[in-house]
Amino acid sequence: MILLRHPVCGTLRGARSLSTRASAILSSLDIPVGAAELPGVYDGQWSGSGEVLESVCPATGEVLARVRSATPDELHEALGKSKEAYLHLRTVPAPKRGELLRQIREALSAKRDVLGALVTLEMGKIKTEGIGEVQEFVDICDYAVGLSRMMNGRVVASERPGHTILEVPNPIGVVGVLTAFNFPVAVYGWNFALSVAAGNANVWKPSPSTPLCSIAITKIIARVLEKNGLPGAVSTLITGGKDVGEAIVESRDIPLVSFTGSEAVGRVVGKAVQSRFGKSILELGGNNASIIMPDADMQLAVPAVFFGAIGTAGQRCTSTRRLYLHRAIAPKFLDALQKLYATISVGDPLVDGTLLGPLHTRAAVGIYSDAVQRLRQSGAEILTGGKTYDHAALSQGNFVQPTISVPKTADPADKIWSTETFAPILNVGLFDELEQAIEWNNAVPQGLSSSLWTRDIRSLGKWIGPEGSDAGIVNVNVGTSGAEIGAAFGGNKSTGWGRESGGDAWRQYVRWSACTVNFSDAAPLAQGVDFST
């Protein structure tokens, strides 16, 4: 049985007045409630006279705001101001840039809970996940503060007497950051914090469906920049649709583009940036698998798969979409997992205790329904879920039932397995040997996250080694979802090979120079070449 939380309150789609709770959240973030339209462009000043974007609450259908996106002229002007801001910021010592990030961290932390509520209101993820997303931005600022004193090059020994070679990092310029709806705050944070520490200005193009999150974050950052006498275009915001994204991707004034989104669009972005010899960071699809060995700790593995498949209503890049169970423990595991599914509380994502909120859009509900229909037509067994909710209290939102499916075949070439569906659908396959499960894990085009549950150190060694998972995230006794900021985040293959957040990800936000310095009284050539006359 699915437990319905408190009825979802709010006005219906198209209503002119905001619900009380929406008004309270927006007012707390200095977003005008009574305005007919909000400006969606910031480059030191707020503007926007282009097409109107609607922000719609996915839980209620309530129109939260109408935002004016950028016209071509406003876009061009904003990009120009970003370039000017970079020329200023690059001269600020890196530790001073770290201090700027510390202040931004404090400002974000002071508004963490209400920012998290806005993420929930506009994107649809549950309250604790919304707050956790803002905490990621806070955490990466902490990380970047320390990083600002440690973005080191290195000294390389020269073969020539009286010479030394330095590898020197310098700011790259303006960084374009195109973010997706599912993490409307954190992904910009991952990029912004490292980029500013490196000395770059940033242009943020958020998802057209989550403009309010980007406006709220930009207002907070802008106040800190102004307080420190820095141009607001260090963190430029340009809301808009496909035309804005294309302009950023194609701009030769933006040497680095970070894109988070679908594989199909990522392929277009990667080609466009490469065609002008720019750099790109691509974070694309994630068709992630968990493998459960017969010696796995069920008390740990079952809840982890439960969260991985249902968290954010299956709309995380790292959501668990494939579950490979050893045949010996499959009945027991599925029984325990179905019992957890039966207890899930669905409803208003702003209410404490709700575990399942809505999908982000009506279109996403259609994608979910189409995927379930394909499963049924292929002969898959639907163990639970497989339809939308019929509760009256949920009728205005985009709520769907989490689904567990056992397809007739585990063939990874089948589109059921090889295609990512951005919804809470978990497909189950049975295996007999670890090698078979690893082969299935690796056989899909995507390579973001993966998880093995075992107590056998031999299985662990194989999993994380050259014969193991080919994903960018290779976990052991940890679910596919919920990465920390300290390690580099990203995937391989059609996930894009990009890396953000921790680890060595910062190295992508700088340009590298090899500098040979001669401090001797001679000028010998390398490799002993003699070119004397």
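The following refers to the structure shown. These figures come from a predicted structure and were not determined experimentally. (Residues numbered from 1 in each chain as written. Predicted model: local features only at pLDDT ≥ 70, side-chain atom pairs only at ≥ 80, totals over all residues. Heavy atoms only, no water.)

1. Overview of the overall build of the protein
Working step 1: When helices and strands are counted, the protein shows 15 helices and 26 strands.
Working step 2: A globule of 533 residues ought to have a C-alpha radius of gyration of about 24 Å, and the protein, at 25 Å, matches this closely.
Working step 3: Looking at the protein residue by residue over its 533 residues, the buried ones come to 56%.
Working step 4: On the protein, roughly 22,000 Å² of surface is accessible, and the fraction owed to carbon and sulfur atoms is 54%. (Helix = DSSP H or I, 4+ residues; strand = E, 2+ residues; numbered from the N terminus. Rg over C-alpha atoms; globule rule 2.2 N^0.38 Å. Buried < 20%, exposed > 50% of the residue type's maximum accessible area, 1.4 Å probe, protein only. Areas by Shrake-Rupley, 256 points an atom, 1.4 Å probe, with all protein chains shown as cover.)

2. Section: a nonpolar patch on the surface
Working step 1: A cluster of nonpolar side chains, contributed by Leu525, Val529 and Phe531, occupies part of the molecular surface with about 340 Å² of accessible area.
Working step 2: Within the fold, valine 529 resides in the segment after β26 (510-518). (Patch = residues over 30% accessible without salt bridge, like charges linked within 9 Å, V, L, I, M, F, W, Y side chains within 5 Å. Salt bridge = Lys/Arg side-chain N within 4 Å of Asp/Glu carboxyl O.)

3. Notes on the side chain of serine 251
Working step 1: As for its position among the elements, serine 251 is in the loop between α8 (242-250) and β12 (256-260).
Working step 2: A distance of 3.2 Å separates a polar atom in the side chain of serine 251 from the backbone nitrogen of aspartate 253.
Working step 3: Those residues within four positions of serine 251 in sequence are excluded, and the remaining contacts are Leu79 and Arg276. (Polar contact = N/O pair within 3.5 Å; in protein donor to acceptor, adjacent residues only side chain to side chain. Contact = heavy atoms within 4.5 Å.)

4. Some points on the side chain of glutamate 122
Working step 1: Checked against the element boundaries, glutamate 122 lands in helix α4 (residues 112-123).
Working step 2: It turns out glutamate 122 is buried and unbridged, and the closest side chain with the opposite charge, lysine 125, is 11 Å from it.
Working step 3: For glutamate 122, the side chain forms a polar contact with the side chain of serine 55, separated by 2.6 Å.
Working step 4: At 2.9 Å, the side chain of glutamate 122 forms a polar contact with the backbone nitrogen of leucine 212. (Lys, Arg positive; Asp, Glu negative; His and termini not counted.)

5. Considerations on helix α2 (residues 72-89)
Structural remark: α-helix, 3.6 residues per turn; residues separated by three or four positions point the same way.
Working step 1: Its 18 residues give α2 an end-to-end C-alpha distance of 26 Å, which sits within 8% of 26 Å, the value for a rise of 1.5 Å per residue.
Working step 2: Within the sequence span of α2, burial applies to Glu74, Leu75, Ala78, Leu79, Ser82, Ala85, Tyr86 and Leu89. Across the axial projection of α2, the buried residues extend over an arc of 135°, all falling on one side. Residues of α2 that are exposed and point more than 90 degrees away from the buried face comprise Asp73, His76 and Glu84. (Expected span 1.5 Å × (residues − 1). Arc of directions from axis to C-beta.)

6. Quick look at the environment of valine 302
Working step 1: The topology assignment puts valine 302 in helix α10 (residues 298-310).
Working step 2: Beyond its immediate sequence surroundings of up to four residues, valine 302 is in contact with Phe333, Ala336, Leu337 and Leu340.

7. What to know about the sheet that holds strand β13 (residues 279-283)
Working step 1: The sheet built from seven strands is open, its strands ordered β4-β3-β11-β10-β9-β12-β13 with mixed pairing. Two strands bound the open sheet, and with one partner strand each, they are β4 (46-47) and β13.
Working step 2: Packing against the sheet, α2 makes contact with β3 (41-42), β4, β9 (174-178), β10 (201-205) and β11 (235-238), and its axis sits at approximately 150° to β10.
Working step 3: Helix-sheet contacts for helix α6 (residues 186-198) involve β9, β10, β11 and β12, and the interaxial angle to β10 is about 165°. (Pairing = 2+ DSSP bridges. Axes fitted to C-alpha atoms, helices over the stretch in contact; angles between N-to-C directions.)

8. Considerations on the environment of glutamine 527
Working step 1: Relative to the assigned elements, glutamine 527 resides in the segment after β26.
Working step 2: The exposed category is assigned to glutamine 527, whose relative accessible area is 65%.
Working step 3: In this structure the C-alpha to C-alpha distance between glutamine 527 and glutamate 159, which are 368 residues apart in sequence, comes to 8.1 Å.

9. Quick look at the packing of aromatic side chains
Working step 1: Counted by the stated rule, this structure contains ten aromatic pairs.
Working step 2: Relative to tryptophan 417, the ring of tyrosine 324 has its centre 5.5 Å away and its plane inclined at 25°; by these criteria the two rings are stacked. Here tyrosine 324, found in strand β15 (residues 320-326), pairs with tryptophan 417, found in helix α13 (residues 415-418); they are 93 residues apart in sequence, far enough to count as distant. Tryptophan 417 carries the same exposure label as tyrosine 324, and that label is buried.
Working step 3: Ring centres of tyrosine 324 and tryptophan 440 lie 5.4 Å apart, and the angle between their planes is 50°; this geometry places the pair in the tilted category. In this pair, tyrosine 324 is assigned in strand β15 and tryptophan 440 in helix α14 (residues 434-442), connecting sequence segments 116 residues apart. Pair check on accessibility: tyrosine 324 and tryptophan 440 agree, each one buried. (Phe/Tyr/Trp six-rings, centres within 6.5 Å; stacked < 30°, edge-to-face > 60°.)

10. Describing the sheet that holds strand β8 (residues 163-171)
Working step 1: Strand order in the open sheet formed by three strands is β7-β8-β26, and the pairing between neighbours is antiparallel. Of all the strands in the sheet, just β7 (154-157) and β26 have a single pairing partner and so form its edges. For this sheet, the mean inter-axis angle between neighbouring strands, taken without regard to orientation, is 25°.

11. Quick notes on the nonpolar core
Working step 1: Ranked by internal contacts, the top residues of the largest apolar core, which has 153 residues, are Leu118, Phe137, Ile292, Phe333 and Leu337.
Working step 2: Residue contacts for phenylalanine 137: discarding those within four places in its chain leaves Leu108, Val185, Tyr188, Gly189, Phe192, Ile217 and Ile221. (Core = buried A, V, L, I, M, F, W, Y, C linked by side-chain atoms within 4.5 Å.)

12. So, unusual backbone geometry
Across the chain, the bulk of peptide bonds are trans and the bulk of non-glycine residues have phi less than zero.
Working step 1: Even without glycine at this site, phenylalanine 277 takes up a positive phi of about 60°.
Working step 2: Here tryptophan 497, not a glycine, exhibits a phi torsion of approximately 70°, which is positive.
Working step 3: We classify tryptophan 497 as exposed; its relative accessible area is 57%.

13. Some words on the state of the cysteines
Working step 1: Here the structure, examined in full by the defined rule, presents zero disulfides.
Working step 2: In this structure cysteine 141 is a free cysteine whose sulfur lies 16 Å from that of cysteine 213, the closest cysteine sulfur available.
Working step 3: Cysteine 141 gets classed as buried once you look at its relative accessible area, which sits at 0%.
Working step 4: As a non-bridged cysteine, cysteine 317 has cysteine 213 as the owner of its nearest cysteine sulfur, 16 Å distant.
Working step 5: The exposure class assigned to cysteine 317 is buried, which follows from its relative accessible area of 17%. (Disulfide = S-S within 2.5 Å.)

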